Amino acid sequence: MPTAGAVLVITGSFDPTADLVIEELTRRAVPVFRADMAWFPSRLTLAASLDGAGWSGTLMTDRRTLDLSAVRSVYYRRPTAPEFPESMPPEARAVAAAEARRGFGGLLVALPCPWLPPPGRAADAEYKPLQLRVAAESGLRVPRTLITNDPAAASEFADRLGVPVVYKPFTPIRGTLEGESVAVYANVLQPDDLPHPGIATTAHLFQEWVPKAYEVRLTVVGHQMFAAEIHAGSAAGRVDWRSDYDSLTYKTCDPPRDVAASALRMLDQLGLPFGAFDFIVTPSGEWTFLEVNPNGQWGFVEQATGLPITAAICDHLEGITLT
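Rules used in this analysis
Positions within a chain are numbered from 1, following the residues in the order the chain's sequence is written. Reporting of local features is limited, given that this is a predicted model, to residues whose pLDDT is at least 70; pairs of side-chain atoms are given and counted only at 80 or more, and all residues count toward the totals for whole chains, interfaces and linings. The side-chain numbers reported here are obtained from all heavy atoms of the structure, hydrogens and water having been left aside. By definition, any uninterrupted DSSP run of H or I lasting at least four residues is a helix, any uninterrupted run of E lasting at least two residues is a strand, and each is numbered from the N terminus. Using C-alpha atoms as the atom set, the radius of gyration is obtained and then compared with a globule rule of 2.2 Å times the number of residues to the power 0.38. Contacts are assigned to residue pairs that have any heavy atoms within 4.5 Å of one another. Surface accessibility in these figures is a Shrake-Rupley result with a 1.4 Å probe; residues are shielded only by whichever protein chains are displayed. Neither His nor the chain ends is counted toward charge; the positive residues are Lys and Arg and the negative residues Asp and Glu. A charged residue contributes its charge at one atom only: NZ of Lys, CZ of Arg, CG of Asp or CD of Glu. Between buried and exposed lies partly exposed: a residue is buried under 20% and exposed over 50% of the maximum accessible area for its type, with that area taken using a 1.4 Å probe on protein chains only. Any two strands are treated as partners once DSSP identifies two or more bridges connecting them. Between Lys or Arg on one side and Asp or Glu on the other, a salt bridge is scored when a side-chain nitrogen of the former is within 4 Å of a carboxyl oxygen of the latter. Within this scheme a cavity is a closed region of a 1 Å grid, computed over the protein atoms alone, that accommodates a 1.4 Å probe without allowing it to escape, whereas a pocket is open but has protein on both sides within 12 Å along at least five of seven lines; lining residues each have an atom within 4 Å of a point. Grid points are joined across faces, edges and corners, and a volume is the space filled by probe spheres set on the points. Each residue receives one of three labels: charged for Asp, Glu, Lys and Arg, nonpolar for Ala, Val, Leu, Ile, Met, Phe, Trp, Tyr, Cys and Pro, and polar for the others, Gly being one of them.

The next thing to look at is the overall build of the protein chain. Along the backbone of the protein chain there are nine helices and 18 strands. In terms of C-alpha radius of gyration, the protein chain reaches 22 Å, essentially the compact-globule figure of 20 Å for 323 residues. Looking at the protein chain alone, contacts between residues at least 24 apart form 67% of all its contacts between residues at least 6 apart. Carbon and sulfur atoms form 54% of the exposed surface of the protein chain, whose accessible area is close to 16,500 Å². Of the charged side chains in the protein chain, 27 are positive and 37 negative; the average position of the first set lies 4 Å away from that of the second.

Another aspect to go through is the pairing of strand E17 (residues 274-281). Counted residue by residue, E17 has eight buried out of eight residues, so it is predominantly covered. Taking every second residue as pointing to the same face, both faces of E17 are buried, with Phe274, Ala276, Asp278 and Ile280 on one and Gly275, Phe277, Phe279 and Val281 on the other. Bridge count for strand E14 (residues 214-221) against E17 is eight bridges, and the pairing is antiparallel. Counted as the bridge partner of Glu215 is Ile280 from E17. Alignment of E17 against strand E18 (residues 287-293), held across six bridges, turns out to be antiparallel. Residue pairing across strands places Ile280 opposite Thr288, the latter belonging to E18. Between E17 and E18, which pair antiparallel one after the other, the connecting turn spans five residues, and Gly285 there sits at a positive phi close to 95 degrees.

Counted under the stated rule, the structure contains 14 salt bridges. Shared partners join several salt bridges into a network, and the residues in it are Glu24, Arg27, Arg28, Arg72, Asp315 and Glu318.

When its volume is computed, the largest pocket comes out at roughly 1,000 Å³. Contributing to the lining of the largest pocket are 44 residues, with Lys128, Pro172, Arg242, Glu291 and Asn293 lying nearest its centre. At four residues, E18 tops the list of elements feeding residues into the lining of the largest pocket. Class assignment of the residues belonging to the lining of the largest pocket gives a composition of 24 nonpolar, seven polar and 13 charged. Estimated volume of the second largest pocket: approximately 310 Å³.

Take a look at the structure:
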């Protein structure tokens, strides 16, 4: 097992999923340096130079120093944006943020080491229209889908399908309303819900409702696959299991060979070594692709099922190839 080199973990200050990886790497005696982009520039100092052969230098906190030339790999999870003093004028903060992204972020991307996942590829893969196209090209079944800001088009789409229609946000929507935490999940729309004038305010995603026996979270690391059935015990959870974690039960499973092959083709086309896929499995056993999360959560699946996802990610970060 390789012992030289450190793993740089870039994520938010609170990330229990990344904690699992850090704990396992520490157990393996692999050096780890954890940082959040939000620590820059007040709590994270950068000094790097180019001598013609590559970048060298350090990242420093008040407690630790990372030799950039010793970085073996980067685990890129969910960092938050650089933070600047409120006393800075808004125009200055905007300039500083842009410079941090291109300077600090650009230097990290320039490190000659593997990333899990590569940030540029991960950012591209967040676009659901791209995901759906690549999924279909890769051989996965995808729901019939409409993206529109035209209320009449949404109504016509629902009438043409003749089945219930699901609305899904393109990005996770969470916040507070009147002091309480709120989130927007997938919703099944009734005929009277369409057309709705609010559709004209921005892009909306509508898909046919696919009958489900259960859903599957398929986590892929390299060529290793870890699949878990997700069974919802409430009406809300059966529409979107994220809305009611307390009602869920889990069971390990194996994806069909054609689905597994298509998932690998999709990740290869997206340039990703990792993906957390969501599928619907119909009562007849057909798998339907919903989305792939290039930085998706998997800790809850490992906790519920014992699937060794942490170990697979750490193997990948260490450069261990399993055959």
